[in-house]
Structure formats: C-alpha cells, structure tokens
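Observations on the model geometry
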Amino acid sequence: MTMPVRGLASAHFAHNSCRVGKSLHKHTFAPLGFLSSTIGEEAKRMLGSSVRTLRRLRCCNNSSSLLLLGRDCCRNGTTVSKRKVLPLCCKGESNISIFDIGERQSSIQRWYVVRSKRSLHTETDAYLAIELALDSVVKIFTVTSSPNYFLPWQNKSQRETMGSGFVIPGKKILTNAHVVADHTFVLVRKHGSPTKYRAEVLAVGHECDLAILVVESQEFWEGVNFLELGDIPFLQEAVAVVGYPQGGDNISVTKGVVSRVEPTQYVHGATQLMAIQIDAAINPGNSGGPAIMGNKVAGVAFQNLSGAENIGYIIPVPVIKHFIAGVEESGKYVGFCSMGLSCQPTENVQLRNHFKMQPQMTGVLVSKINPLSDAHRVLKKDDIILEFDGVPIANDGTVPFRNRERITFDHLVSMKKPNETAVVKVLRNGEEHAFTITLRPLQPLVPVHQFDKLPSYYIFAGLVFVPLTQPYLHEYGEDWYNTSPRRLCERALRELPKQAGEQLVILSQSGFDG
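Criteria and thresholds
Residues numbered from 1 in each chain as written. Predicted model: local features only at pLDDT ≥ 70, side-chain atom pairs only at ≥ 80, totals over all residues. Heavy atoms only, no water. Helix = DSSP H or I, 4+ residues; strand = E, 2+ residues; numbered from the N terminus. Buried < 20%, exposed > 50% of the residue type's maximum accessible area, 1.4 Å probe, protein only. Contact = heavy atoms within 4.5 Å. Areas by Shrake-Rupley, 256 points an atom, 1.4 Å probe, with all protein chains shown as cover. Patch = residues over 30% accessible without salt bridge, like charges linked within 9 Å, V, L, I, M, F, W, Y side chains within 5 Å. Salt bridge = Lys/Arg side-chain N within 4 Å of Asp/Glu carboxyl O. Pairing = 2+ DSSP bridges. Axes fitted to C-alpha atoms, helices over the stretch in contact; angles between N-to-C directions. Core = buried A, V, L, I, M, F, W, Y, C linked by side-chain atoms within 4.5 Å. Expected span 1.5 Å × (residues − 1).

Some details on the overall build of the protein
Within the protein one finds nine helices and 26 strands. Among the 514 residues that make up the protein, the fraction classed as buried is 49%. Long-range contacts, defined as pairs at least 24 residues apart, comprise 64% of the intrachain contacts of the protein with a sequence gap of at least 6. If you sum the accessible surface of the protein, you get close to 25300 Å²; carbon and sulfur atoms cover 49% of it.

As structure tokens, then:
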C-alpha cells in the first residue's frame, strides 16, 4: 500500500503508547528499525534522515512494529545494502509496505516500512490541526469595562474584544485570562455556526493568564469535540496555532516550530512562569487558541514580542495542568507557589570563597526573604541554597531540564501545589543544613493587578484615599514607570509586606466636584 505524505510538514502516525522518532536531518537515517540478530550493537546507534517531514513517528500500540529503510535497501528485511537501521520493538509477524514522501527541490524518496497487523496513518500537522480545530476551537466575544483608578467610583467606557478558546474534557472552554478580564458578559461561537451562546467564567488565573468558561446551552455542545493536552514539545518540533486573529472572521491556522523553552515574563499577570517560544504568527485574536502538535495540545497562545518578527509565546502544558488541577480540587484558582526569596548568582570566585563554598559546590545566594513566607522562618540572609528537593542548583540558578537544556529552579517551585513541602539544602557559615519549607502563593505589598473587581476608596472632607496598586500607577500612561511619582513607583516594585493584609494607602485627590 502506497501512502503519499502531503507537502513538507511533519508526518505523524496514530499511536497509543510510545514515542519512537526524532527530527530527521540530511544524509543519515531515522532512529527506527526492527529486531534482528544481524544488527547487534549497531542497533543502538542514533541515525538521522534528510526528509524533514518525518519529525515524529509513533507506534500504534505496544505490540506494533516499525521499520524505516532508506532507498537502495532490499525489501526482505534481512539484507541492508549501504544503509543501516535501528531496532524498535518488533514482535510477531510483519509485512512491508511503501510510501512516498515529497522532499525539497521536488525530489522523491522512496521509503520502505515494515509494519505489524495494525495499519499506520499519516497526516500533516496543518491538515490535522484544522480537522481537530473545526469542532473544538471557538471564537470568544467579550464586552469589558475597566475601572478608573483616578476616579474609583466610576468605570471607563465599555469596549468589545475578541479572542479564541478551545474545548477541553468536562464540557469546559479554556482561554486566556486577558480575553475575559474585567468582563461584563461573554459570548462564544463555534466554527461554521452563526449563533452566539452566552458563557460564564468559571475560574480565572491572571498570574498564568488562563481562564475556564462554561456554556449552559446544550445545543452548543452538539457535535463539539474536546482536545487533549499533550507534552512539552522539543526544540524544532512543528506546531500549528489555531484561532481567530485580526484580519478576518473565519478560523486561521499558522504553522511554526519550537524555538525556545524557558521561564518568561507573562505580560498580563506580571509573573515569571515557563513559556514556549515559537516562530508561528500570533496576533491579536489568537489569544486563547491552541497550539497543536500532532493530535494534542502543546500549549495556549497568549502573547508575542513587540518589535520583533516571528516571536510568539504559548503557555505550556505543565502550567495549564497546574491551573486546571487547582480549579478541580478547590473549585477556584489557587495560584502558583513561591519561596519568597530574592537570590543572586554565585559565579564570582571571590564571592564563593567568602561564603566558604567548596569547589564542587554550586548554588545561589539569598539576598532578601519575604517576611510572609515560610522560608523566613528557617532561612537567613546570605545562606547559599545548594539543592531544591534533591536537585542541585547551578551557580547561575538553573537546574537540569530534559536533554542538554537548563531552566531556572523557580520553575520547580512554581509547579508545587499550595501547602506542599520541599527540602532545601543550604550552606550556612561553611556548614550544610537541610530544611523543610512549606510552599504557598504569596501576595505582594502592592497588588500587581486588580482585574474583575472594583477598587476600594475612602472619601473624607473632600480628600480621596485609595490603596496603592500598580493599576493606579498605570493610569499615568504607557510610560508609567517614568511618569508616575518616583517614590510610589519604587515602593510598589521593591518593598515587601511586614504582615498579612498590609496596604499602602495614598492621598489620590484633595478636592473634586461632587
């Protein structure tokens, strides 16, 4: 049976179990093969391929078997001329089939596949993403009204915004928090349908920029399919971003590859969480739409880098699962944990010697501790944190992440559930200590955002008092850091609370016309 693969996109095979392929590169062959006593130790070698379309290969189940042979190979599975293959997990009888793959320069390469009783299915990323999105991705219409922090007793004029979302198990819609922030009401529309349905916001996490919507109308759920969450994609893996960006009313699909995986500043919530950088176009309206890899969701599109070309960001699956799990367990958004520490690298040799660090030791220096954190109970300023839950911390504050990648240890902290404990190994005065710390979300002295609630204020004798918040400073304009009062700005960004519930109250106005 001959199976042509369309275009140059990644080829995917239906699967229920293991992942067995990698991206393919020129002039060598993919890490696929069959069990053969004639291969021996050669079977352990990793080989690549010139056909970039075969980025990922999956087996149908644990008993399935695959063999990818290059051109010039024989078809009896016993003799290989010039080319070598790698064993996978072949068991039982196998038969051989052929499929053609279009390469760059319009060349055609013939490949032979040894397959088991289950058939293989191939689809391009873009085509598969469209098929999945047709019955899963929705367009979201939101009417918002934000408060006026200079005049806290009134709101700004209403405005309409649009975004994207997709259906997840449990008859819920996942989207971005900034799509529904300060909402008055929300409507959703399925692809190919003229009808808009009223939606309610079930939970919203502004720190992670995620929200869950529910639709009561049973008519809306007819013919709707949900999307499953996948894994963190590897570098250079292809993803397709599906949504409703500006420039049109119909669904749009843009394709790109993963460029980087690391903690990134989330603009909406002003927090530092893991994000995936891709080179697919993400424009206003794409927010909340899924980034699909194969037949699963690799992330949620949420922001791009202004002033740069082809740099977009998606929220990865671990952050999404952490948000959803918290909502399912407690019925509301629970937040992301923090140790409440400010740390600095220990890459300077003189600094390491000063704090009596041995040559084999690595870690970061504690420079400030939030008084409301549990770490304030056991840690001290100038402690060296060597390990977090048994994971060594490098001098630059990173920990190992996948193959030859590193990520800041803050990611390990943020993935903890509230009130979970962690064991921290510390160097203090040249001696090592181990402390158990309870992790929980921490609130800053000056709130970073005040979405979905009205600001509080107090009027006395014509004087208007309000609590200091960053949204209040944002009223000074886009360049609020330079145009707002300097002392207020510095305290908002750097000062820590001394007790729970503490607020900074400022005099906003000294007189007004009733």
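Now that the structure has been shown, the text picks up again.
Overview of unusual backbone geometry
For Gln236, which is not glycine, the phi torsion reads 70° and is therefore positive. As for its placement among the helices and strands, Gln236 is situated in the loop between strand E9 (210-214) and strand E10 (238-243). According to the relative accessible area criterion, Gln236 is partly exposed, its value standing at 37%. In this model, Asp452 sits at a positive phi of 65°, which is unusual for a non-glycine residue. Here Asp452 shows up in the loop between strand E23 (431-438) and strand E24 (458-460).

Notes on a nonpolar patch on the surface
Together, Trp153, Tyr457 and Ile459 make up an exposed nonpolar region whose accessible area comes to about 260 Å². Within the secondary structure, Ile459 sits in strand E24.

So, the pairing of strand E11 (residues 252-266)
Sheet topology places E10 next to E11; six bridges connect them, and they run antiparallel. In the sheet register, Ala238 faces E11, and the bridge partner there is Val257. Pairing of E11 with strand E12 (residues 271-278) involves eight bridges; the strand directions are antiparallel. Counted as the bridge partner of Gln265 is Gln272 from E12.

With respect to the sheet that holds strand E15 (residues 312-316)
One closed barrel holds the six strands; their spatial order is E10-E11-E12-E15-E14-E13, and the pairing between them is antiparallel. Adjacent strand axes in the sheet meet at a mean angle of 50°, parallel and antiparallel pairs treated alike. As paired strands, strand E13 (residues 290-293) and strand E14 (residues 296-304) are joined by four bridges and run antiparallel to one another. Its bridge partner lying in E14, Ala291 is registered against Gly299. Here helix H3 (residues 317-330) sits on the sheet in contact with E11, E12, E14 and E15, set at roughly 45° to E15.

A look at the nonpolar core
One finds Leu174, Ile278, Phe323, Met339, Leu379 and Phe388 to be the most contacted residues of the largest nonpolar core, which totals 66 residues. Ignoring any residue separated from it by four or fewer positions in sequence, one finds Leu174 in contact with Gly165, Phe166, Ile168, Leu210, Ala211, Ile212, Gly288, Val300, Ile320 and Phe323. Formed by 16 residues, the second largest nonpolar core is a distinct cluster that contains Val167, Ala199, Leu213 and Phe220.

Considerations on H3
If you check H3, its first and last C-alpha atoms are 20 Å apart, about what 14 residues at 1.5 Å a residue would give, namely 20 Å. For H3, every residue scored as buried is listed here: Val317, Val319, Ile320, His322, Phe323, Ile324, Gly326 and Val327. Immediately downstream of H3, the backbone of Gly331 shows phi near 85°, a positive value.

A look at the sheet that holds E9
Judged by pairing direction, the barrel is antiparallel, and its six strands sit side by side in the order E4-E5-E6-E9-E8-E7 before closing back on the first. Pairwise comparison of adjacent strand axes, ignoring direction, gives a mean angle of 40° for this sheet. Judged from the three bridges that link them, strand E5 (residues 159-168) and strand E6 (residues 172-175) form a sheet pairing that is antiparallel. Bridge pairing in E6 links Phe166 to Leu174. Strands in contact with H3 are E5, E6, strand E8 (196-205) and E9; relative to E9, the strand with the most contacts, it is inclined by about 50°.

Points about the pattern of salt bridges
Tallied over the entire structure, the rule returns 17 salt bridges. The shortest N-O distance in the salt bridge between Arg189 and Asp249 comes to 3.2 Å. Separated by 60 residues along the polypeptide, Arg189 in strand E7 (residues 183-190) and Asp249 in the loop between E10 and E11 bring together distant segments of the chain. Between Glu329 and Lys417 there is a salt bridge, and its shortest N-O distance comes to 3.0 Å.

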